[in-house]
Amino acid sequence: MADLVDTMRAAPGSVGVAAPQVGVTLRVCVVDVSQHRLGKEQNHGLLVMINPVLLSGAGAAIMREGCMSVPDYTGDVQRYTEIEVAYLDENGEKRMLCTAGFEAVAVQHEMDHLDGVLFLDRIVSLKTGLFRRKNYK
Amino acid sequence: MDEPKSDTAYFAVSVIGKDRPGIVAGAAEVLYRLGCNIEDSSCTMLAGEFAMILIVTHEKPFSKAHLVEEFVAYSKGMELSVFVRGLKRDEVEYHSPQGELCVITVYGADRPGIVYRVTRELADRSINITDLNTKLIGTSAAPVYILVIEAELTEGTSSEDVERLLHTIKEELAVEITVRIVTPVAL
């Protein structure tokens, strides 16, 4: 877990790392958006999450995501804006997290890594999300 | 894309023709058989046309004539326009955007000059366009033009600065213009 936190801190701008990203096949991830411009206002500091489970999600917003596991590529991804997650903390204590905004996006992104899902699997549009006509007249 | 290699030949290839299934497969087959790699590409439908733009590479020695020859054979009978250009090393180097990325959306009643006026204003401020799409929607009686630009802002420029910059054009062309930052978040 310390490795995950170190990896996150060492990568400029990174706000989370999941164990599978560093070659460890455990359902553990860390998230900390407190130093990010989008997460400064609303965050729970450093979150160490073991076996996180998404209990509920609400709302939807699109954000352009990048990931250190897919360098030099970014894409627009739709995520819940509010989530409720159950997990065990670093001491094995049961915890509940209700969060919203950027922290919620980061938690969903890291939890996806635990299922082998990359943001690439969730890209909603290659281009700007404009309505495209089906028929050209 | 990695740093350009001196032992590699780089080409820009474009293929445009009436849209139908198989255009990409046909072009990709030509490249595959020649042993070319597709390094970067963007392909899309534009009205009833399908347009492919690709950066392809092949280990040297490899002649452009050979590539053209194969593409001409492929495009024959398919009514496709194919264009091939050899690239110099400095043309291939990719510089990822350093400044904030923003999306500028412009829309309003169709009239001449929407694309020109907006992009000229950006160019004069050295704001680099990284992507641009336009679409004509609505009815022929009331056509609406949509222009969506993704651009890299220069150091110290905010989305509000860009909105202010385009304010005069907005008034003159009677269009709506919104600017929002879409700089990717590293997760």
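Figured I'd write up the structure that's included with this text. All residue numbers here refer to positions counted from 1 along the written sequence of the relevant chain. To read the labels, note that chains go from A and ligands from 1, taken in the order they are written. Local features in a predicted model are, by the rule used here, given only for residues with pLDDT of at least 70; side-chain atom pairs are given and counted only at 80 or more, and totals for whole chains, interfaces and linings are based on all residues. To obtain the side-chain values, all non-hydrogen atoms of the structure were used and water was disregarded.

**Focus on the sheet that holds strand β1 (residues 16-18) of chain A**
As a general point, the strands of a sheet are linked pairwise by backbone hydrogen bonds and lie either parallel or antiparallel.
All names here are of chain A.
Turning to step 1, where the next piece is worked out: Reading across the sheet, the five strands line up as β1-β2-β3-β6-β7 and stay open at both edges, with antiparallel pairing between neighbours. Two strands lie at the open edges of the sheet, namely β1 and β7 (94-100), each paired on one side alone. Strand-to-strand twist of the sheet, defined as the mean angle between neighbouring strand axes without regard to direction, takes the value 35 degrees.
Turning to step 2, where the next piece is worked out: Two strands pair under a simple rule: DSSP has to find at least two bridges between them. Starting at the N terminus, helices and strands are each numbered in turn, a helix being any DSSP run of H or I of at least four residues and a strand any DSSP run of E of at least two. Where strand β6 (residues 82-88) lies against β7, seven bridges are found, and the strand directions are antiparallel. In the strand pairing of β7, Glu82 is matched with Ala100.
Turning to step 3, where the next piece is worked out: Helix-sheet contacts for helix α1 (residues 2-10) involve β1 and β2 (28-31), and the interaxial angle to β2 is about 40 degrees.
Turning to step 4, where the next piece is worked out: Any two residues having at least one pair of non-hydrogen atoms within 4.5 Å are treated as being in contact. Only C-alpha atoms enter the line fits that serve as axes; for helices the fit covers just the stretch in contact. Angles between N-to-C directions range over 0 to 180 degrees. Across the sheet, helix α2 (residues 101-114) touches β1, β2, β3 (47-58), β6 and β7, and the angle it forms with β7 is around 125 degrees.

**What about the pairing of strand β6 (residues 128-138) of chain B?**
Residue and element names in this part refer to chain B.
Turning to step 1, where the next piece is worked out: Sheet topology places β6 next to strand β7 (residues 143-152); ten bridges connect them, and they run antiparallel. Pairing of Leu132 across the sheet is with Ile149, part of β7.
Turning to step 2, where the next piece is worked out: Here β6 folds back onto β7, and the loop between the two strands holds four residues.

**Comments concerning the packing of aromatic side chains**
Residues and elements named next belong to chain B.
Turning to step 1, where the next piece is worked out: For Phe, Tyr and Trp, rings pair up if their centres lie within 6.5 Å, where Trp contributes its six-membered ring, and each pair is then called stacked (planes under 30 degrees apart), edge-to-face (over 60) or tilted (otherwise). Enumeration according to the criterion identifies two aromatic pairs over all chains in this entry.
Turning to step 2, where the next piece is worked out: Look at Phe11 and Phe62: their rings are 5.9 Å apart centre to centre, the planes differ by 70 degrees, and that puts the pair in the edge-to-face class. Taken together, the positions of Phe11 in strand β1 (residues 8-18) and Phe62 in the loop between β3 (49-59) and α2 (64-75) put the pair 51 residues apart, joining distant regions of the chain. Like Phe11, the residue Phe62 is buried in the burial classification.
Turning to step 3, where the next piece is worked out: Ring centres of Phe71 and Tyr74 lie 5.9 Å apart, and the angle between their planes is 70 degrees; on these two criteria the pair is classed as edge-to-face. Here Phe71 and its partner Tyr74 are both found in helix α2, three residues apart, which amounts to about one turn of the helix. This pair shows no difference in class: Phe71 is buried, exactly as Tyr74 is. Only protein chains enter the accessibility calculation, which uses a 1.4 Å probe; a residue whose area is less than 20% of its type maximum is buried, one above 50% is exposed, and one in between is partly exposed.

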